[in-house]
Amino acid sequence: MEPTDADRFRQAFDANARDVLGYALRRVEVAADAADVVAETFLVAWRRVQDMPAGTEARPWLFGVARGVLRNQRRGDRRRHRLGRKLRSRIAALPAADPGDAVADGEVARRALERLAPDDAEVLRLTAWEGLTPAEVAVVLGVPAATARSRLARARRRLRAELEALGWQPARPAGTGHVRGDGHPPVRDREEER
């Protein structure tokens, strides 16, 4: 009875996984990278199980696959480093605009946000800092728009409670609205009423 592809793969894995890991460990700087190399090597082996030699000939074939995986990993690392340098230089040229800097009580707002649950803080940051609408927040969070709106409303209530607990008082411009800046209703001029 011929072994199935799954049987051939399992045999190759059982016989060679430790050796492939050793091969990778001796060629990377960070041990976690070796685990990635082994995982990718056996993923390729699974995809190409028909090309994989049987028995002891699988070992050098797997080393060849691991060598290719390492080359790809190094190329990817070099690309990421080049891109990172380019992005850092472009970011350094941008004005550093923190949305919290425009808020008069920015430090109080930051402290209040830190006291919120992470999900509440994120929905508020997405709307206030990133300028997203509730519908766009829903896309980011992967939830229905109605859920995002209700989360936003709850997060705003919780933020207000935290702000007030920190002693924040909302600024009210003097003499606007139905109450004057001193807390008394506006005084109407008798001439205006006629």
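Note: the structure precedes this text.
The rules behind the values
Residues numbered from 1 in each chain as written. Predicted model: local features only at pLDDT ≥ 70, side-chain atom pairs only at ≥ 80, totals over all residues. Heavy atoms only, no water. Helix = DSSP H or I, 4+ residues; strand = E, 2+ residues; numbered from the N terminus. Buried < 20%, exposed > 50% of the residue type's maximum accessible area, 1.4 Å probe, protein only. Contact = heavy atoms within 4.5 Å. Areas by Shrake-Rupley, 256 points an atom, 1.4 Å probe, with all protein chains shown as cover. Phe/Tyr/Trp six-rings, centres within 6.5 Å; stacked < 30°, edge-to-face > 60°. Lys NZ or Arg CZ within 6 Å of the ring centre and 35° of its normal. Patch = residues over 30% accessible without salt bridge, like charges linked within 9 Å, V, L, I, M, F, W, Y side chains within 5 Å. Salt bridge = Lys/Arg side-chain N within 4 Å of Asp/Glu carboxyl O. Axes fitted to C-alpha atoms, helices over the stretch in contact; angles between N-to-C directions. Parallel < 35°, antiparallel > 145°, perpendicular 65-115°, else oblique. Left-handed = near helix turned anticlockwise from the far one by under 90°.

Would you explain the overall build of the protein in this entry?
On a plain count of helices and strands, the protein comes out with 8 helices and 0 strands. Scanning the protein from its N terminus toward the C terminus, one meets helices and strands in the order α-α-α-α-α-α-α-α. Residues classed as buried in the protein amount to 27% of the 194 residues present. In the protein, 55% of the contacts between residues at least 6 apart in sequence involve partners at least 24 apart. Taken as a whole, the protein presents about 14200 Å² of accessible surface, with 53% of it coming from carbon and sulfur.

Could you clarify how one ought to interpret the packing of aromatic side chains in this entry?
Think of a pair of aromatic rings as described by two things: how far the centres are apart, and how the planes are tilted against each other in angle. This structure, assessed with the given rule, holds 5 aromatic pairs. Centre to centre, the rings of phenylalanine 9 and phenylalanine 13 are 6.4 Å apart; their planes meet at 25°, and the pair counts as stacked. In this pair, phenylalanine 9 and phenylalanine 13 both sit in helix α1 (residues 5–25), 4 residues apart, roughly one turn of the helix. Judged by relative accessible area, phenylalanine 9 falls into the buried class, the value being 17%. Every member of this aromatic cluster is reached through a ring pair, and the members are Phe9, Phe13, Phe42 and Trp46. If you follow arginine 27 out to its NZ or CZ, it ends over the ring of tyrosine 23, 3.8 Å from the centre.

Sorry if this is basic, but what is going on with a nonpolar patch on the surface here?
On the surface, Leu83, Leu87, Ile91 and Leu94 cluster together into a nonpolar patch covering about 400 Å² of accessible area. Of the residues examined, isoleucine 91 reaches a relative accessible area of 55% and is grouped as exposed.

Could you clarify how one ought to interpret the packing of α1 against helix α3 (residues 58–93) in this entry?
Packed helix pairs are characterised by how far apart their axes lie and by the angle those axes make with each other. Interaxial distance between α1 and α3 falls to 10 Å at its minimum, and their mutual angle equals 45°. The angle between α1 and α3 falls in the class oblique. When the axes of α1 and α3 are compared, the crossing they make is right-handed. Here Ala12, Asn16, Asp19, Val20 and Tyr23 of α1 come into contact with α3, specifically with Ala58, Arg59, Leu62, Phe63, Ala66, Arg67 and Leu70.

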